[in-house]
Every structure is written in C-alpha cells, then in structure tokens.
Amino acid sequence: MFVMRFDMRAPAFGAPTTELYPTALEMAAWAESRGGLMAVICEHHTMADGYLPSPVVLATAMAARTSTLPIMVAVVVLPLYEPVRLAEDIVVLDIISGGRVSYVGGVGYRPEEYEHHGVDFHRRGQIADEQLALLLRAKTGESFEHEGRRIHVTPPPVTPGGPSIAWGGGTEVAARRAGRFGLDFIGQGGGPSMEDAYAEEARAHGHEPGFCLVPPLDTTTTLFVAHDVDRAWAEIGPHLLHDVTSYAALNEGNADTASLTTASTVDELRAEDRTHRIVGVDEAVDVIRGGEPLQLQPLVGGLPPEIAWRHLRIVTDDVMPRL
C-alpha cells in the first residue's frame, strides 16, 4: 500500500521534463493494480526547477491513463484561478475520471506567484473567501445568480455536488477557513490547536467537523525502499537534498510545517532519518503493517526514471507480497 506524489521538479542535474512527465503517467497506470492507493499532484509557479504549475492538466492526463486510481490535486492555489472557469475544468475532469479526482485548496505563501499572475498577495485571504464560496456553488452544476449574473456550469458533474474539495494550510486561519465553509482540513503541522480551531469554527457556522489531518512534524513525507541502502543514498541522496533545500529556501524561519528540514548535506539528511528516508524491505513491511502507507515520491528532484523504476519495483515486487 503506497501513495505516490508528483511535483515534477526538473533541476538541471536531473532528468529532463520530456522524460519525467511521460514516466509519471506510466507510473500511475502501472501502480494502480499493484497496491497504489493514490497519486498526489502538487502546484507551484515560477520555480527555477520547473515545479509543476498546472496540476489540473497533469491530473487529466493521469486520469486518462488510469481506470481506478484516485488522484488528489494538493494544493490548488485558489486565488490564482478564475473560479467559474476552474469549476468548468474540474467538472469535465470529474467526468473523464469517473469521479476519481479530488482537490485541496489553499492560498499559498509565495508573493512571486501572485506577482506572476497579477493578483494582490496582501488580499489573498479575502480573495480566497470570495472565490471559494463561488467555486463551491459553481461545481455543483446548478444554476444560480451571483452579483447580477447567471452562472451555470455544464455539463453536470458525475459526482453528486461536484468533485470533492478540502482546504489546506499551515495556519490557524486556514483551519478556520475550512471549518467555516464546512470542508475537510488537510494541515501541514501546527499541533492540536489547529484541530481545535477547525472544529470550533465548523460548529460556529452550523457544520459538523469533517476529516481533519494535522501531521506531526516528524512525519515521513518521502520514502524509498532499497536492497542496498548505502547505494541508494549515493544515487538518490542529491535529489532528496534538492527537494528539502528548495522547500527550506521557500520557508525561511518556518519550524511548524511537516516535511521541512534544515539539513544542508546528504549526510545530514540521512542522519535525521525523519522527513526523507530510504529504508530496507523489512522496515517498509513494518511501516505498512503498522497501519501507514508508504509515502513515495518516485521522481523526487528530477530522479532519472531508470533509478526511480528500480526502487518502485522493489515496493511492488518485494514488499507487497509479504503483506
């Protein structure tokens, strides 16, 4: 049982995008009959390493290549979208996928992305509230009036009420926004106070609190399984390090988000044995038997596909048969 995450980073020392994108689609199709639980697709903009800027497009391609695999777009930086057009896109994808694609919205945290899209970063919370309210109505496929205009997204979605949308973030403000709109909340850390804020705000607005995930800071977010762990660190370590140092550069001073680390060398990252790990088959089996799926990021940091496939096959060929 494993989850695969794809952010499509393609740093200069890694594989090119022309290899990484087709491989991501092949991996999704290959994994859905071999214990893959979900593919998670991420979003950032204006990143030097080509971090995926258009997750709905990749999700559509992935849905067309698969039949049963759930796909989650996490996150959609909602203030950067026109919400009615976004509703049309996700409804069409709902039809293509047979209702297998879900979403986690968020406001993001990079002023550069807002500048790139011509959106006021300082108004992102207000914009998110306005656009989330509109998106949640539009995706249902029902006709309604908004600010003097008629809105009716067609064709209707196959999912009753439209595709599932949760809210995410690493602040109490994000947790309260999820509760206020009656959405599930996917946190990035912050501890029990986030859960309390979410539940309190949900009940204050007449909603029963839904699913709320606030991961501990020592959560493993990227894991590889290897027969020779030393060799794997030599091959994969630079790509893992690119992932963590890139995120650290975007989150200076942030000590409250799961997956972040201050490791600056491969040796430091390996010694931490926390967010980004490489384990043997026995330990991978123990993780799953303990009730957790393996959190895989098979193409992390532009990892060459031939290396990525080798380690993904260890999961399916050597770990899964022992469960």
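First, a word on what this report is: a plain description of the structure on this page. Just so we're clear, the structure is a prediction, and the values are computed from it rather than from any experiment.

### Section: unusual backbone geometry
- The omega torsion of the bond from Ala74 to Val75 falls at 5°, within 30 degrees of zero and hence cis.
- Mapped onto the fold, Val75 is located in strand 3 (residues 71-77).
- A positive phi angle is found at Glu147, which is not glycine, with a value near 50°.
- Its location among the elements puts Glu147 in the loop between strand 5 (144-146) and strand 6 (149-151).
- In the Ramachandran plot, Asp273 falls in the positive-phi region, its phi being about 50° despite a non-glycine side chain.
- Tracing the backbone through its elements, the reader meets Asp273 in the loop between helix 9 (266-272) and strand 11 (276-279).
- The partly exposed category is assigned to Asp273, whose relative accessible area is 42%.

### Some points on helix 3 (residues 83-97)
- With 15 residues, helix 3 extends 20 Å from end C-alpha to end C-alpha; this agrees with the ideal 21 Å at 1.5 Å per step.
- Turning to helix 3, its buried residues number three or more, namely Pro83, Val84, Leu86, Ala87, Ile90, Val91, Leu93, Asp94 and Ser97.
- Where helix 3 is buried, its residues touch helix 2 (55-65), strand 3, strand 4 (101-106), helix 5 (124-138), strand 6 and strand 7 (165-169).
- With a side-chain oxygen positioned 3.2 Å from the backbone nitrogen of Val84, the residue opening helix 3 is Glu82.
- Trailing helix 3 by a residue or two, Gly98 shows a phi angle of about 70°, which is positive.

### Let's talk about the nonpolar core
- Within the largest apolar cluster, 93 residues are counted, with the highest numbers of intra-cluster contacts made by Met62 and Val225.
- With sequence-adjacent residues up to four places away left out, Met62 is seen in contact with Phe6, Ala24, Leu25, Ala28, Ala39, Ile41 and Ile71.
- Residues Val3, Val40, Met72 and Val104 belong to the second largest nonpolar core, which totals 6 residues.

### Details of helix 6 (residues 172-180)
- All buried positions along helix 6 are accounted for by Ala174, Ala175, Arg177, Ala178 and Gly179.
- Taken together, the buried residues of helix 6 touch helix 5, strand 7, strand 8 (185-187) and helix 7 (192-204).
- Directly beyond the C-terminal end of helix 6, a positive phi value near 70° is found at Gly182.

### Side note on the packing of helix 3 against helix 5
- Interaxial distance between helix 3 and helix 5 falls to 9 Å at its minimum, and their mutual angle equals 35°. At the point where helix 3 passes helix 5, the crossing takes the right-handed sense. On the side of helix 3, the interface is formed by Pro83, Val84, Leu86, Ala87 and Ile90, while helix 5 contributes Gln131, Leu134, Leu135 and Ala138.
- For the contact of helix 3 with helix 5, a count of residues per class yields 8 nonpolar, 1 polar and no charged.

### Thoughts on empty space enclosed by the protein
- According to the stated counting rule, one finds 2 cavities of 30 Å³ or more in the structure shown.
- Lining the largest cavity are Val76, Leu78, Leu86, Ile90, Tyr103, Val104, Gly105, Leu135 and Ile165.
- Counting residues per element, the ones that place at least two in the lining of the largest cavity are helix 3 and strand 4.
- For the second largest cavity, the calculated volume is near 50 Å³.
- Lining the second largest cavity are Leu223, Phe224, Leu296, Gln297, Pro298, Ala308, His311 and Leu312.
- Sorting the residues of the lining of the second largest cavity by element identifies strand 10 (222-225) and helix 11 (305-319) as the ones contributing at least two each.

Basis of the calculations
In this convention, every chain numbers its residues from 1, walking through the sequence in written order. It should be noted that, the model being predicted, local features are given only for residues of pLDDT at least 70 and side-chain atom pairs only at 80 or more, the latter also being counted only at that level, while totals for whole chains, interfaces and linings use all residues. Side-chain metrics in this entry use all non-hydrogen atoms of the structure; hydrogen atoms and water are not considered. Only DSSP runs of H or I covering at least 4 residues are called helices, and only runs of E covering at least 2 are called strands; the numbering of each starts at the N terminus. Any residue under 20% of the maximum accessible area for its type is buried, any over 50% is exposed, and the rest in between are partly exposed; the area is computed with a 1.4 Å probe on protein chains only. Multiplying one less than the number of residues by 1.5 Å gives the expected span of a helix. The contact criterion used is simple: two residues touch if any of their non-hydrogen atoms lie within 4.5 Å. Think of a polar contact as two N or O atoms within 3.5 Å of one another; within protein, one of them needs to be a possible hydrogen donor and the other a possible acceptor, and neighboring residues in sequence only count if both atoms come from side chains. Here, the term nonpolar core denotes a set of buried Ala, Val, Leu, Ile, Met, Phe, Trp, Tyr and Cys residues that are joined through side-chain atoms within 4.5 Å. Lines are fitted to the C-alpha atoms to define the axes, a helix being fitted only along its stretch in contact, and any angle between axes, read from their N-to-C directions, falls within 0 to 180 degrees. In this scheme the handedness of a crossing depends on how the near helix is turned from the far one: anticlockwise by less than a right angle means left-handed, clockwise means right-handed. Residue polarity is assigned by list, with Asp, Glu, Lys and Arg as charged and Ala, Val, Leu, Ile, Met, Phe, Trp, Tyr, Cys and Pro as nonpolar; anything else, Gly included, falls into the polar class. Cavity means a closed set of points on a 1 Å grid over the protein atoms alone, one where a 1.4 Å probe fits but cannot get out, pocket means an open set with protein on both sides within 12 Å along at least 5 of 7 lines, and lining means a residue has an atom within 4 Å of a point. Grid points are joined across faces, edges and corners, and a volume is the space filled by probe spheres set on the points.

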